[in-house]
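One letter stands for each residue in the lines below.
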Amino acid sequence: MERPKMAELESLETAAEHERILREIESTDTACIGPTLRSVYDGEEHGRFMEKLEARIRNHDREIEKMCNFHYQGFVDSITELLKVRGEAQKLKNQVTDTNRKLQNEGKELILAMEELRQCRLQQRNISATVDKLTLCLPVLEMYSKLREQMKSKRHYPALKTLEHLEHTFLPQVSHYRFCKVMVDNIPRLREEIKELSMSDLKDFLESIRKHSDKIGETAMKQAQQQRNLDNIVSQQPRIGGGKKSKKEFSASSELEVKNTSPMSEQDSGILDVEDEDEEEEVPGAQDLVDFSPVYRCLHIYSVLGARETFESYYRKQRRKQARLVLQPPSNMHETLDGYRKYFNQIVGFFVVEDHILHTTQGLVSRAYIDELWEMALSKTIAALRTHSSYCSDPSLVLDLKNLIVLFADTLQGYGFPVNQLFDMLLEIQDQYSETLLKKWAGVFRNILDSDNYSPIPVSNEEVYRKIVGQFPFQDAELEKQPFPKKFPFSEFVPKVYSQIKEFIYACLKFSEDLHLSSTEVDDMIRKSTNLLLTRTLSNCLQNVIKRKNVGLTELVQIIINTTHLEKSCKFLEEFITNITNVLPETVHTTKLYGTTTFKVARQRRRGGDLHQPEPEDRPVPAAGRL
């Protein structure tokens, strides 16, 4: 019995274990039932477990069937509703499809418009960015265009300032653009181009003033003449008796005082053909004839570029070369006054330009540099004048040359140049002038003596008598009491010779004008020249007449009478010289006339007197300045 019980107990345990495995299978996830099934297959009750499992499946199938039978009507109703919903869903789907199709059709234009709007917005952003960039770039391009325009119009100094502004202000703002790099690379080349162009303008200027220095000097010397005329008018006003100035003279003198221009004057000898003052036009100054802007521009440009010393050295070197060319006189300068005038005009023009440069620039030329040039010019000019004036044999040409030299000296003195050496040289030319006058008057005396009839001058009426007395200082109470017709005791050559001696004195006086000599010096110069005329020129002419073989006794007697009257007239010549020089004969060192001795010697030679007496020209010079 125990064995059946044990078998029954084992059977119950096996059934309980199978039940547990089935519950575990039902409650466990399918992926985790492997160990459970393994325990079934590992046991010996595999068949019974399968039966148990089949029985459990059938139970669940019955339960499902019961459940389905219970819920079948609801399921059928649900299916019916679901079928209805599917139909409605299909309708809704069709409506959505139609709506979507219509929406797609209607939205195409909107999409196109939106695409266009998107492109427009993109373009707008690009344009806005471009405008911003151009706002930065345009000033640079405009400045560069302005630079090229200034260089094209030869406004080099503004171009340089524009270039500096472009480089330091505008280009740094757009330095990341390629065109900016090109501009930056071109800046050194542009600077060099501006420098070369400005130097080219300077060379043109130097060539221009070299060609026009003659005109500049002529203008300056015309101004000197006008200034001298104004000075003469002012100095003569008190002697005129306080007469009123003409309106134009007053205006000219007032303008002169206000402007304080360089002293300029006009000359009496007609060196420059200037018309009457009332018809004169204002003479332009050097700054009106010459455009100095190329010098100023080039100086500023080289200063900005840091090459001022190079520019100053070049300018001075070129002007020094031009000075040497100007100071070379033409070989035929001595032939006409125009040759001297052109030579002086060129020198004056050169130094007028340099004086203007000195006073309008800061250090381009210095006073020491100009003084050095002037010393060189003065020495060369004086040497040239000494050489060429020695060829002059015409006293009129020598006098005009003297007047031209005085005007030349006064013009340059007005610009502050020392001219004392020129006036010293004029004293040398005065000796030459005296020699040419003596040669000229020798011919005049010869003509007078050759044409004389050596007989007393007959007068038939009072008018002729007064005319001759007016020419020659003759006083004879007995002759005046005689009735007409009557005769003077001397022949015609006496009043003619006396008049020519006075003309000679006037000619000597004319040379002394404007030489800044004292009255005593002028008086001494005139008396010495007159002594030479009497003791050498006139004496030789008389001796030549006396030595002629065809001269008869009557002519010789008349010559003795004539020389006697000329001897007596010497005191009147003394008075004449005193009156025109305002130097009294009693003044110390006043030269005396030796005309009396000249005529005495001439008579003694005719009469066979002391022929061993020294000739007038061999007479030693007395003390106190006498000849």
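Residues numbered from 1 in each chain as written. Predicted model: local features only at pLDDT ≥ 70, side-chain atom pairs only at ≥ 80, totals over all residues. Heavy atoms only, no water.

1. Remarks on the nonpolar core
This is how the line gets drawn: We call a set of buried residues a nonpolar core when its members are Ala, Val, Leu, Ile, Met, Phe, Trp, Tyr or Cys and they connect through side-chain atoms within 4.5 Å of each other. Buried residues are those whose accessible area, probed at 1.4 Å on protein chains only, stays under 20% of the maximum for their type, while exposed residues exceed 50% and partly exposed ones sit between those limits. Contacts between residues were defined by any pair of non-hydrogen atoms, one from each residue, lying within 4.5 Å.
The biggest cluster of nonpolar side chains holds 111 residues, and the ones touching the most others in it are L202, F344, F351, F488 and I501. Apart from the residues within four sequence positions on either side, F488 is in contact with P456, I457, V459, Y465, I468, V469, F474 and L479.

2. Points about the packing of helix α11 (residues 367-389) against helix α13 (residues 420-451)
What counts, and what does not: Every axis in this analysis is a line fitted to C-alpha atoms, fitted for helices over the stretch in contact. Angles between the N-to-C directions lie between 0 and 180 degrees. The numbering of helices and of strands both runs from the N terminus, where a helix is a DSSP run of H or I of at least 4 residues and a strand a run of E of at least 2. For classification purposes, an angle smaller than 35 degrees is called roughly parallel, one larger than 145 roughly antiparallel, one from 65 to 115 roughly perpendicular, and anything else oblique. Residues are sorted three ways: Asp, Glu, Lys and Arg are charged, Ala, Val, Leu, Ile, Met, Phe, Trp, Tyr, Cys and Pro are nonpolar, and all the rest, Gly among them, are polar.
Taken N-terminus to C-terminus, the directions of α11 and α13 make an angle of 5°; their axes are 11 Å apart at the nearest point. The orientation of α11 with respect to α13, classified from their angle, is roughly parallel. Contact residues: L378, I382, L385, R386 and S389 in α11; Q421, L422, M425, E428, I429 and Q432 in α13. A breakdown of the residues in the contact of α11 with α13 according to their chemical character gives 6 nonpolar, 3 polar and 2 charged.

3. Regarding the environment of E462
Within the element layout of this structure, E462 appears in helix α14 (residues 462-471). Classification of E462 as partly exposed rests on a relative accessible area of 36%. Each C-alpha atom, one on E462 and one on E480, is 9.8 Å from the other, the two residues being 18 residues apart in sequence.

4. Thoughts on the pattern of salt bridges
Rule in force here: The term salt bridge refers to a side-chain nitrogen of Lys or Arg lying within 4 Å of a carboxyl oxygen of Asp or Glu.
Taken as a whole, this structure holds 23 salt bridges when the rule is applied. Its salt-bridge partner being D514, residue R228 comes within 3.6 Å of it at the nearest N-O pair. Highlighted residues: R228 in helix α5 (residues 178-240) and D514 in the loop between α16 (493-512) and α17 (519-546), separated in sequence by 286 residues. Since its relative accessible area comes to 35%, D514 is described here as partly exposed. A salt bridge links R308 to E312; the shortest N-O distance between them is 2.7 Å. Of the two residues, R308 and E312 are both situated in helix α9 (residues 308-326); the distance of 4 residues between them amounts to about one turn of the helix.

5. Some details on the packing of helix α10 (residues 337-360) against helix α12 (residues 395-414)
Close contact between α10 and α12 brings their axes to 10 Å; oriented N to C, the two are set at 5°. Considering their axes alone, α10 and α12 lie roughly parallel with respect to each other. On the side of α10, the interface is formed by L337, Y340, R341, F344, I347, V348 and F351, while α12 contributes L397, D400, L401, L404, I405, F408, T411 and L412. Among the residues forming the contact of α10 with α12, the class breakdown is 12 nonpolar, 1 polar and 2 charged.

6. Looking at a nonpolar patch on the surface
Selection rule: Within the patch definition used here, like charges are joined within 9 Å and nonpolar side chains (Val, Leu, Ile, Met, Phe, Trp, Tyr) within 5 Å, considering only residues with over 30% relative accessible area and no salt bridge. Here the accessible surface of atoms and residues is derived via Shrake-Rupley with a 1.4 Å probe, and residues count as covered only by protein chains that are part of the display.
Judged by side-chain polarity, Y72, F75, I79, L82, L83 and V85 come together as a nonpolar surface patch covering roughly 610 Å² of accessible area. Following the sequence through the fold, I79 ends up in helix α3 (residues 46-152).

7. Here we look at the confidence of the model for the protein chain
Selection criterion: Residue-level confidence of the predictor is summarised by pLDDT, bounded by 0 at the bottom and 100 at the top.
Confidence along the protein chain averages 79 in pLDDT terms, with 82% of residues attaining 70 or more. Between residues 609-627, whose pLDDT stays under 50, and residues either more than four places distant or in other chains, the model counts 36 contacts.

8. A word on a positive patch on the surface
So the rule is basically this: Neither His nor the chain termini are counted; the positive set is Lys and Arg, and the negative set is Asp and Glu. Taken as the charge centre is NZ of Lys, CZ of Arg, CG of Asp or CD of Glu, depending on the residue.
Side chains of K317, K321, R324 and K380 sit close together on the surface and give a patch of like positive charge. Take the positive patch: its biggest share by element is 3 residues, from α9.

9. Points about the side chain of K402
Keep this limit in mind: Within 3.5 Å is the distance limit for a polar contact, defined as a pair of N or O atoms, with the added protein rule that one can donate a hydrogen and the other accept it, and that residues adjacent in sequence qualify only through two side-chain atoms.
Relative to the helices and strands, K402 resides in helix α12. Of the buried charged residues, K402 lacks a salt bridge, with D514 as the closest side chain of opposite charge at 4.7 Å. A polar atom in the side chain of K402 sits 3.4 Å from the backbone oxygen of K510. Among the polar contacts listed, one links the side chain of K402 to the backbone oxygen of E513, at a separation of 2.6 Å. Beyond its immediate sequence surroundings of up to four residues, K402 is in contact with L426, K510, F511, E513 and L515.

10. As for α12
Heads up, the condition is: To estimate how far a helix should extend, the number of its residues minus one is multiplied by 1.5 Å.
The end-to-end C-alpha distance of α12 is 28 Å, a good match for the 28 Å that 20 residues give at a rise of 1.5 Å each. Most of α12 is tucked away: 16 of the 20 residues are buried. Capping the start of α12 is the job of one residue whose side-chain oxygen sits 3.1 Å from the backbone nitrogen of S396: D394. Of the residues one or two after α12, G416 is the one with positive phi, at around 90°.

11. Focus: unusual backbone geometry
Going from F484 to P485, the amide bond is cis rather than trans, its omega being -5°. Tracing the backbone shows P485 in the loop between α15 (477-481) and β2 (486-487). Backbone geometry places Y454, a non-glycine residue, at a positive phi of 55°. Residue position: Y454 is located in the loop between α13 and β1 (458-459). Since its relative accessible area comes to 10%, Y454 is described here as buried. The backbone phi angle of D514 is positive, close to 65°, even though this residue is not glycine.

12. Quick word on the packing of aromatic side chains
Formally: Only Phe, Tyr and Trp rings take part, Trp by its six-membered ring, and two of them pair if their centres are within 6.5 Å. Stacked means planes under 30 degrees apart, edge-to-face means over 60, and tilted covers everything else. We count a charge as sitting over a ring when the NZ of a lysine or the CZ of an arginine lies within 6 Å of the ring centre and within 35 degrees of the ring normal.
In total, this model carries 21 aromatic pairs according to the counting rule given. Here the aromatic rings of Y433 and F511 are separated by 4.7 Å at their centres, their planes lie at 20°, and the arrangement is stacked. Of the two residues, Y433 is situated in helix α13 and F511 in helix α16; the sequence distance between them amounts to 78 residues. Each member of the pair, Y433 together with F511, is buried. Feature note: the residues Y465, F472, F474, F484, F488, F490 and Y498 constitute an aromatic cluster, connected by ring pairs. One cation-aromatic arrangement involves K486 over Y465; the distance from NZ or CZ to the ring centre is 4.5 Å. Sitting above the plane of the F484 ring, K486 keeps its charged end 4.4 Å from the centroid.

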